[in-house]
Amino acid sequence: MSRPAQLRRGPKWLLGANATLVYLFFYAPIALLVLYSFSDDNLVGRWGGFTLDWYRAFGQNDEVQGALSVSIRVAILSTLISVVLGTMAALSLERYRFRGSRIFDALLYLPIIVPDVTMAVMMLLFFTQFLNVLDAVFGIQMTKGFTTVTLSHIAFSISFVSIVVRARLAGMSADLEEAAQDLYASRWQAFRFVTLPLITPGVVGGALLALTLSLDDVVITQFVSGPGSTTLPVYVFGLIRRGVSPLINAVSVIMLAISIVLVVASLVVQRARGGEPA
Amino acid sequence: MADAVAAVEIRGVTKRFDEVVAVDDVDLTIADGEFFAMLGPSGCGKTTTLRMIAGLEFPTQGSLRIFGEEVGTLPPNKRPVNTVFQNYALFPHMTVLDNVSFGLRMSGVNKTEARQRAGEMIELVQLDGMAARKPNQLSGGQQQRVALARALVNKPKVLLLDEPLGALDLKLRQEMQTELKSLQRELGVSFVFVTHDQEEALTMSDRIAVMDQGKLLQVGSAEDLYARPASRFVADFIGQTNLIEATVADNNTIVLQNGQRLRAPSPHAAGTAVAMSLRPETIQVGARGSVPAVHEATSLEGVISSASYLGHSMVYEVSIDWIDLEVRTPMVLSEERFAPGSEVAVWWDRRSDWLVAE
Ligand SMILES: Nc1ncnc2c1ncn2[C@@H]1O[C@H](COP(=O)(O)OP(=O)(O)OP(=O)(O)O)[C@@H](O)[C@H]1O
Ligand SMILES: [Mg+2]
């Protein structure tokens, strides 16, 4: 009896060690980042005693503040729009068969598999041409900036939102909407009182995903942003190239904190609403 | 008005889904207050017909009236009918009370009154005390009742039920059959009830429609369908029967495939190919030569090929040259029993056979 138990001890120990290593691998850099963001030394990786100077600098640096504000505005706007469009795409694909819906379906997921750099180049090319046309045909002078950044964030977020919403819709029988209409609900009322409440966890999940993606994006944003429309991640990326200051530690910690809050919020929402069978 | 206006009147309705003809040129009239069943094998178009009455599907062709009003392409929320869906389709995020009051709220009844009426309906279907529960906290039978209450609270002129008892176990199903029937009588609403359980259809309904492959084959009372089927399909589908192929010789005689002549009055012209439907329980079996003289012209000779004892009856397979007949005789102790291999004669009363030409 005792022999198998002993045999099992080896693998068990290994698994434990493995888990520890993995977590160490994940969290050691985070711990270091947080630690050094409080370090009173001009070199990024040297401990020089505790200070809040970098956070103070973060608060006082206009460039950082500007980038943060751009990031937040882009994130909120692109999330709102992509949630509406993504949810509508999900509804039409899941509930209606129309000519070409298969192709539309496949094309919708393209932005997820296309590498960021490719997407970025495509966007850059597109906006350059588009702005030229706008200038040539309508005489509207526009440069790359806030609008182009927001548009490109919407472009890649829609796919993610619609995937999350569709997963939720697929688990929800179309009978329910028919039942609502049979009970004198108009199409809008059926959507408002039956479909929407049931897909809300998916919509909120999709929104948080879109928010996170927008706040995180560097590659695409860098290609399509212009002066005055630098987002926080792009700004940090730029800082690194110019020579690192521990300020980026503080900025990174703040970005990390925002991401963690969003992830936790999304988990809480899914937990709270996801318990209901669809 | 000489004729009462029909609850549902379907004229020449066809429904096509691309290539599939789900419902094929159906004519059907359902009377006010009638318990009407639709019966047929899987895929014959029962659900599609029901969905067209509900407005969840629009006919490709034909006319559909509800209490005289043409509803062809009227959306479901504009029709005075409600549906009990096969899987109930209760709203999972709402309580029983909210589910039941949904229809009233959507048709503009204020919240207080809607809740009060919903409460009364919940009591009527014996779900008192469960109003605050969510559907997933109810048993299958209770969910069934919620679905029923949710539809009936709107006082529909026609209630459509798509295999409403299909998901329940046998005992609960029988209970619900009785309840549904008495509820229908009490409310006087037309019920259109889809099922593929023929016993359910036969016991509950005033009239039954039998469908096959999108076509409506026959409409009639349980007795009409059982004793006077209009086609081979209906004869075979409703209950069990023996179908014997024959040709009409004259208006009183048919000729079997082996040339034997049997007495069978027939409205069909001489030469028509027909099938004689003989219910197993209407056939008698006895020793050769024991056929009563009055049944001489409605008898055949054969050999018992199998005999099984079912407690209340004996079931024999009698093989007659080219066909096998199933015979079901009640167990009467004094009566003779036959072992396989016995040479026997079978006969029947001349009123118990029935000829079908289709
Ligand atoms: N939306 C649809 N698209 C294509 N074909 C359909 C659709 N709905 C039904 N059909 C087809 O129409 C025919 C009739 O279907 P229907 O659901 O009315 O059958 P049913 O009698 O209710 O069968 P069951 O007893 O299995 O429920 C079937 O051949 C089915 O495949
Ligand atoms: Mg069906």
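Residues numbered from 1 in each chain as written. Chains lettered and ligands numbered in written order. Predicted model: local features only at pLDDT ≥ 70, side-chain atom pairs only at ≥ 80, totals over all residues. Heavy atoms only, no water.

(A) Quick look at the layout of surface pockets. Each pocket or cavity is described by its volume, and for the largest pocket that value is around 530 Å³. Tyr96(A), Glu177(A), Glu178(A), Gln181(A) and Arg187(A) are the residues nearest the centre of the largest pocket, which is lined by 22 residues in total. Those elements giving two or more residues to the lining of the largest pocket turn out to be helix 3 (62-95), helix 8 (175-182) and helix 9 (187-216) of chain A. The element contributing the most residues to the lining of the largest pocket is helix 9 of chain A, with 4 residues. For the lining of the largest pocket, the class distribution of residues is 9 nonpolar, 5 polar and 8 charged. Looking at the lining of the second largest pocket element by element, the count peaks at 5 residues for helix 2 (residues 96-106) of chain B. Residues of the lining of the second largest pocket, tallied by class, amount to 6 nonpolar, 2 polar and 5 charged. (1 Å grid on protein atoms, 1.4 Å probe; cavity = no way out; pocket = protein on both sides within 12 Å on 5 of 7 lines; lining within 4 Å. Points joined across faces, edges and corners; volume = space filled by probe spheres on them. Helix = DSSP H or I, 4+ residues; strand = E, 2+ residues; numbered from the N terminus. Nonpolar A, V, L, I, M, F, W, Y, C, P; charged D, E, K, R; others polar.)

(B) Region of interest: helix 3 of chain A. Taking 1.5 Å of rise per residue, 34 residues should cover 50 Å, and helix 3 of chain A covers 49 Å from first to last C-alpha, within 8% of that figure. Where helix 3 of chain A begins, one side-chain oxygen reaches toward the backbone nitrogen of Glu63(A), 2.9 Å away; that side chain belongs to Asn61(A). (Expected span 1.5 Å × (residues − 1). Polar contact = N/O pair within 3.5 Å; in protein donor to acceptor, adjacent residues only side chain to side chain.)

(C) Spotlight on the packing of aromatic side chains. Inspection of the entire model under this criterion finds 13 aromatic pairs over all chains. Ring centres of Phe35(B) and Phe193(B) lie 5.5 Å apart, and the angle between their planes is 45°; on these two criteria the pair is classed as tilted. Of this pair, Phe35(B) sits in strand 3 (residues 35-39) while Phe193(B) sits in strand 8 (residues 190-195), and the two are 158 residues apart along the sequence. Given a relative accessible area of 0%, Phe35(B) falls into the buried group. Among the aromatic residues, those joined into a cluster by ring pairs are Tyr23(A), Phe26(A) and Tyr27(A). (Phe/Tyr/Trp six-rings, centres within 6.5 Å; stacked < 30°, edge-to-face > 60°. Buried < 20%, exposed > 50% of the residue type's maximum accessible area, 1.4 Å probe, protein only.)

(D) Geometry of the interface of chain A and chain B. The interface is formed by 19 residues belonging to chain A together with 26 residues belonging to chain B. Where chain A abuts chain B, roughly 2,000 Å² becomes buried across the two surfaces, and 63% of that area is made up of carbon and sulfur atoms. When residues of chain A are sorted by the area they lose upon contact with chain B, Asp182(A), Leu183(A) and Tyr184(A) head the list and together hold 39% of the total. In this assembly, chain A and chain B are joined by 1 salt bridge. Linking Glu178(A) and Arg51(B) is a salt bridge whose minimum nitrogen-to-oxygen distance equals 2.8 Å. Joining chain A to chain B, the criterion identifies 7 residue pairs in polar contact (both at pLDDT 80 or more). Every element with two or more residues in the side of chain A that touches chain B is listed here: helix 8 and helix 9 of chain A. (Contact = heavy atoms within 4.5 Å. Buried area = accessible area lost by both parts, 1.4 Å probe. Salt bridge = Lys/Arg side-chain N within 4 Å of Asp/Glu carboxyl O.)

(E) Representation of unusual backbone geometry. All names here are of chain B. For Ala89, which is not a glycine, the phi torsion comes out positive at approximately 50°. Note on Ala89: relative accessible area 6%, which makes it buried. Even without a glycine there, the phi angle at Gln126 is positive, about 60°. Relative to the elements of secondary structure, Gln126 occurs in the loop between helix 3 (111-124) and helix 4 (140-152).

(F) Highlighting the confidence of the model for chain A. For chain A, per-residue confidence averages 84 on the pLDDT scale, and residues scoring 70 or more make up 94% of the total. Considering only residues more than four positions removed or in separate chains, one finds that residues 274-278 of chain A, a stretch of pLDDT under 50, has 13 contacts. (pLDDT = per-residue confidence, 0-100.)

(G) Up close: the pairing of strand 11 (residues 242-250) of chain B. Relative to strand 14 (residues 273-278) of chain B, strand 11 of chain B is paired through 6 bridges, and the arrangement is antiparallel. Residue Asn242(B) lies in a different strand from strand 14 of chain B, and its bridge partner there is Leu278(B). (Pairing = 2+ DSSP bridges.)

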